[in-house]
Amino acid sequence: MTEADLIIVGAGPAGMAAASTAAEGGAGVLLLDRQSRPGGQAFSGVTVNGDRREFLGKDYLAGRILVDALHNSNIVAEYGASVWRLERGARVVWSQNDVSHISSAPHVLLAGGAQERPTPFPGWTLPGVMSAGAAQLLMKNAGLLPRDAVLAGSGPLLYLLAAQMIDTGARPKALVETQTRLSLLKASRHLPQALLAATTLLKGLRLIRRIRNAGVPGFTGASGFRVRQIADGDLSFSFNARGQEHSFTTPLLLTHQGVVPSTHISRASGVDHVWSDAQSAYQPVTDEWGATNVPGLHIAGDGAGIGGAEAAEAAGRLAAFDILHQLGRLSEDQRNRSAAGPRSALRRAMAIRPFLDAAYAPSRELSEPVGETIVCRCEEVSADEIRKSLIDSAQGPRHIKAATRAGMGPCQGRMCDLTVCGVLASCGADMSAPRARTPINPVRLGELAALAPSQET
Amino acid sequence: MKTASRFLARPDAGSGITMMLDGAPVTAPPGDTVAAAVLAHSGAAFRRTEKDTPRAAYCIMGVCLRSTVSRTVRAA
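What comes next is a walk through the structure. Here the structure is a predicted model, which means the values were calculated and not measured.

Across its full length, chain A holds 18 helices and 23 strands. Referenced to the eigenvectors of the C-alpha coordinate spread, the extents of chain A come out at roughly 65 × 50 × 40 Å. By residue count, 58% of the 457 residues in chain A fall in the buried class. Counted over contacts in chain A with a minimum sequence separation of 6, partners at least 24 positions apart contribute 66%. A total of about 18800 Å² of accessible surface is found on chain A, and carbon and sulfur atoms cover 52% of it. Chain A carries 45 positive and 41 negative side-chain charges, and their two centres are separated by 5 Å.

Put into C-alpha cells, the structure is as follows:
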C-alpha cells in the first residue's frame with residue numbers, strides 16, 4: 001500500500017493542473033491515469049506529437065505546459081492505471097499491467113473528465129458509425145484521418161473536427177447538424193454574457209467560415225437520422241432537412257451531440273448528483289472548490305459539469321488550493337488569495353457555456369429514441385423494449401435494468417444511462433441518477449483473488 | 001472478403017511492428033493502440049454480438065468497451 005496526501009484520478013487538464021499546484025504547495029501526490037501518457041482526452045498524445053500534426057492547433061499544443069509541470073519530486077504518476085474502486089476513508093484500488101494496487105490518502109480528487117453523449121438512431125451500431133470524439137482521438141494518437149466521412153449531430157466539436165480534417169486534406173463529405181434556427185435564436189439571449197469569452201466565440205466563427213469556404217455541403221435542422229449498410233464497408237446515411245430527404249454514401253459516419261460528465265466513479269462513491277436542465281445531464285453536487293458531500297473527496301473539471309479544458313485547468317487549481325488548506329499547508333486567507341487568478345479564468349471560460357448549451361442542446365429525437373433503435377449497445381436492448389417494460393410496471397432506472405438488462409453489459413451503462421433516462425422522462429417516469437457499482441472498470445478475477453490476503457490484514 | 005479501411009493511408013506510419021490480421025501481415029507504428037492498428041488496415045467488424053450483429057470500435061476512449069480483444073502475446 002502506498003501513502004500520499006492526495007490521490008488524483010485522471011491526468012487531463014484538471015488533474016494535471018491540480019497535481020502540479022498541490023505538489024508546488026508541498027503535498028505528496030499520486031496521479032493515476034488509464035492512458036499510457038498524461039493529457040486526458042483534450043491533450044491526448046500531446047507528449048509524443050511534439051511538432052508533428054500542427055493541424056491539431058495551438059490550444060492543443062499548449063497542453064504540453066501542463067504536462068511539463070508534472071516534473072515535480074512530490075508527484076508520483078502512474079499511467080496505464082485503471083481505478084476500479086474508491087472507498088471512503090479513502091482507499092483507491094487501481095489496476096496496472098494486470099496487478100491491482102491499493103493506495104490510501106486523506107484526500108482524493110476525481111478528475112475523470114467527460115464522455116460523449118450517446119447518439120442513438122436506427123443503424124448507429126453498424127461498423128463505420130463512430131463518435132466524432134473517437135475520430136479526433138485517432139487523429140491525435142495515431143495520425144488516422146477519416147476517409148470521405150460525413151459528420152452529423154451538433155456541437156462545437158464537429159466544427160473543430162471538420163476544420164482539422166479540411167486542413168489535412170481529409171475534407172468531410174458533409175456536415176449535417178440537428179440544431180435549428182429556433183435554438184440559435186433562444187441561445188442568443190446568452191450572447192451578451194458569452195462576449196466575456198469573445199476569443200472562444202471568434203475561434204468558433206472562424207472554424208465555421210473555414211468549413212464553408214472549403215465547400216463542405218452543410219445542413220441544419222436535420223432530423224430522421226438513419227443509416228444502413230449498402231455494400232461491403234459502405235453506409236447509406238439518410239436524414240430530412242429543409243423539408244427534403246437527403247442521403248449520402250460514406251464509409252464513415254461520425255456522430256456527436258456534445259459531451260457529458262463521466263459520473264460513473266462519483267456515483268459509485270456516494271457523491272450526491274443532480275440533473276442539470278441546462279446541460280441535459282447528471283452532475284455531482286460540488287461547492288465552489290469542487291468539494292462534495294463525501295469528506296475528503298473533491299471533483300474538478302468536466303466530471304463536475306462541462307466547461308472545457310480551460311475551465312478544467314482552473315477548477316483543478318482551485319481544488320488543489322482547498323486541499324492544501326485542509327492539509328494545513330495554506331491558511332484560509334492564503335487559499336482565498338491564491339484562488340483569485342484561477343477563479344477569474346474559470347469565470348471567463350464558463351461565460352460561453354450557457355450560449356453553447358442552449359444553441360447545441362441535444363436533439364429530442366436522439367435523446368428519446370423510439371422503435372427498434374438500440375439503446376443499450378452491450379445487451380442490444382431497443383427503445384421499444386424499454387418503453388414496454390415501463391408499461392409492464394417498471395419504475396425508474398433500477399427496474400428497467402432488472403427487467404431488460406439495459407446497462408448490465410461491460411460498459412455498465414456508460415453508453416445507455418442517459419438514453420434510458422431520456423426515454424423515462426418522455427414517459428413521465430422517475431429519472432433519478434442511476435446507481436453505479438464496483439468494479440467501475442473491468443478487472444480480472446485473478447487480480448481480485450491476489451488482493452484478498454492484503455484486504456484481510 | 002477484405003473491407004477497406006475507413007481511414008486514409010497514413011503518410012507517417014512507416015514500418016514498425018508486424019502482426020497478422022485476418023491471416024495477412026500488416027504493420028503498425030510503435031505506440032498505436034490495437035484498435036488504431038486494426039482500423040488503419042480494415043473497415044470490417046471486430047466481432048459479432050450474441051444476436052449476431054456486427055460491431056466495431058466506436059468511442060476510442062474506453063467508454064463503450066466494445067473493442068475488447070483477446071490477448072495471447074504479452075509485450076516483454
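Enumeration over the complete set of coordinates arrives at 16 salt bridges over all chains. B:Arg55 is the partner of A:Glu380 in a salt bridge, and the nearest nitrogen-oxygen pair spans 3.6 Å. Residue A:Glu380 is found in the loop between strand E22 (374-376) and strand E23 (381-382), and its partner B:Arg55 is found in strand E4 (residues 54-55); the two belong to separate chains. On the basis of relative accessible area, B:Arg55 is assigned to the buried category, the value being 1%. For the salt bridge of B:Asp32 with B:Arg10, the shortest nitrogen-to-oxygen distance reads 2.9 Å. With B:Asp32 in the loop between strand E2 (24-28) and helix H1 (34-39) and B:Arg10 in the segment before strand E1 (17-21), this pair connects stretches of sequence that are 22 residues apart.

This brings us to the interface of chain A and chain B. Accessible area lost upon the coming together of the parts is a frequently used measure of interface size. Between chain A and chain B, the contact holds 42 residues from the first and 35 residues from the second. Both faces combined, the contact of chain A with chain B buries some 3500 Å², and carbon together with sulfur accounts for 57% of it. Three residues, A:Pro127, A:Leu144 and A:Glu380, lead the burial of chain A against chain B; their summed loss comes to 19% of the area buried on that side. Scanning the region where chain A abuts chain B turns up one salt bridge. Listing elements by their share of the side of chain A that touches chain B, those giving two or more residues are strand E9 (114-116), strand E10 (129-131) and helix H5 (132-142) of chain A.

All names here are of chain A. The calculated volume of the second largest pocket comes to roughly 780 Å³. Elements supplying a minimum of two residues to the lining of the second largest pocket: helix H7 (181-187), helix H13 (353-359), helix H14 (364-367) and helix H17 (417-426). Here the lining of the second largest pocket gets five residues from one element, more than from any other, and that element is H17. Split into classes, the residues belonging to the lining of the second largest pocket amount to 16 nonpolar, 12 polar and seven charged.

This paragraph deals with the nonpolar core. All names here are of chain A. If you look at the biggest cluster of nonpolar residues, it comprises 42 residues, and the most contacted ones within it are Phe121, Val176, Phe225, Phe237 and Phe239. With four residues, the single largest contributor to this core is strand E15 (residues 234-241). Among the domains, domain 2 (118-257) and domain 3 (368-457) are the pair contributing at least three residues each to this core. Within the second largest apolar cluster, 41 residues are counted, among which are Leu157, Ala162, Ala187 and Leu254.

On to the sheet that holds E15(A), then. All names here are of chain A. What the three strands build is an open sheet, ordered E14-E15-E16; its pairing is antiparallel. In this open sheet, the two edge strands, each paired with only one partner strand, are strand E14 (223-231) and strand E16 (244-250). Sheet twist, expressed as the average angle between the axes of neighbouring strands with direction ignored, equals 20 degrees.

What follows covers the sheet that holds strand E12 (residues 174-177) of chain A. Residues and elements named next belong to chain A. Taken in spatial order, the five strands line up as E10-E17-E11-E12-E13 in an open sheet, and their pairing is parallel. Among the strands making up the open sheet, the edge pair consists of E10 and strand E13 (218-219). Across four bridges, strand E11 (residues 150-154) lies against E12 in parallel orientation. Looking at E12, one finds that glycine 153 is bridged to glutamate 177. Helix H6 (residues 156-167) contacts E11, E12 and strand E17 (253-257) of the sheet and is inclined by roughly 160 degrees relative to E11.

In this section: the packing of helix H1 (residues 13-24) of chain A against helix H11 (residues 309-326) of chain A. Residue and element names in this part refer to chain A. Between H1 and H11, the least distance of the axes is 7 Å, while the angle of their chain directions is 35 degrees. Read as a crossing pair, H1 and H11 show a hand that is right-handed. Across the interface between the two elements, Pro13, Ala14, Ala17, Ala18, Ser20, Thr21 and Ala22 of H1 pack against Ala309, Ala312, Glu313, Gly316, Arg317, Ala320, Phe321 and Leu324 of H11. Class assignment for the residues of the contact of H1 with H11 results in 10 nonpolar, three polar and two charged.

Turning our eyes to something else, we now look at empty space enclosed by the protein. Summed over all chains, the structure comprises three cavities of 30 Å³ or more. Roughly 80 Å³ of internal volume is contained in the largest cavity. Forming the boundary of the largest cavity are A:Gln115, A:Glu116, A:Arg117, A:Pro118, A:Thr119, A:Ser131, A:Thr255, A:His256, A:Met415, B:Tyr58, B:Cys59 and B:Val63. Contributing elements (two or more residues each) for the lining of the largest cavity: E9 and E17 of chain A.

Of all 10 residues that make up H17(A), eight are buried, and the element is covered over most of its length. For H17(A), the set of buried residues is A:Asp417, A:Leu418, A:Thr419, A:Val420, A:Cys421, A:Gly422, A:Val423 and A:Leu424.

What follows covers the pairing of strand E5 (residues 82-87) of chain A. Residue and element names in this part refer to chain A. Taking burial as the measure, the six residues of E5 include five buried ones, the bulk of the element. Of the pairings in the sheet, the one linking E5 to strand E6 (residues 91-96) comprises five bridges and is antiparallel in character. In the strand pairing of E6, valine 83 is matched with tryptophan 94. With antiparallel pairing between neighbouring strands as the criterion, E5 and E6 make up a hairpin whose turn holds three residues, including glycine 89 at a positive phi of roughly 130 degrees.

Reading guide: rules and limits
Residues numbered from 1 in each chain as written. Chains lettered and ligands numbered in written order. Predicted model: local features only at pLDDT ≥ 70, side-chain atom pairs only at ≥ 80, totals over all residues. Heavy atoms only, no water. Helix = DSSP H or I, 4+ residues; strand = E, 2+ residues; numbered from the N terminus. Buried < 20%, exposed > 50% of the residue type's maximum accessible area, 1.4 Å probe, protein only. Contact = heavy atoms within 4.5 Å. Areas by Shrake-Rupley, 256 points an atom, 1.4 Å probe, with all protein chains shown as cover. Lys, Arg positive; Asp, Glu negative; His and termini not counted. Charge placed at Lys NZ, Arg CZ, Asp CG, Glu CD. Salt bridge = Lys/Arg side-chain N within 4 Å of Asp/Glu carboxyl O. Buried area = accessible area lost by both parts, 1.4 Å probe. 1 Å grid on protein atoms, 1.4 Å probe; cavity = no way out; pocket = protein on both sides within 12 Å on 5 of 7 lines; lining within 4 Å. Points joined across faces, edges and corners; volume = space filled by probe spheres on them. Nonpolar A, V, L, I, M, F, W, Y, C, P; charged D, E, K, R; others polar. Core = buried A, V, L, I, M, F, W, Y, C linked by side-chain atoms within 4.5 Å. Domains from an automatic or database assignment. Pairing = 2+ DSSP bridges. Axes fitted to C-alpha atoms, helices over the stretch in contact; angles between N-to-C directions. Left-handed = near helix turned anticlockwise from the far one by under 90°.

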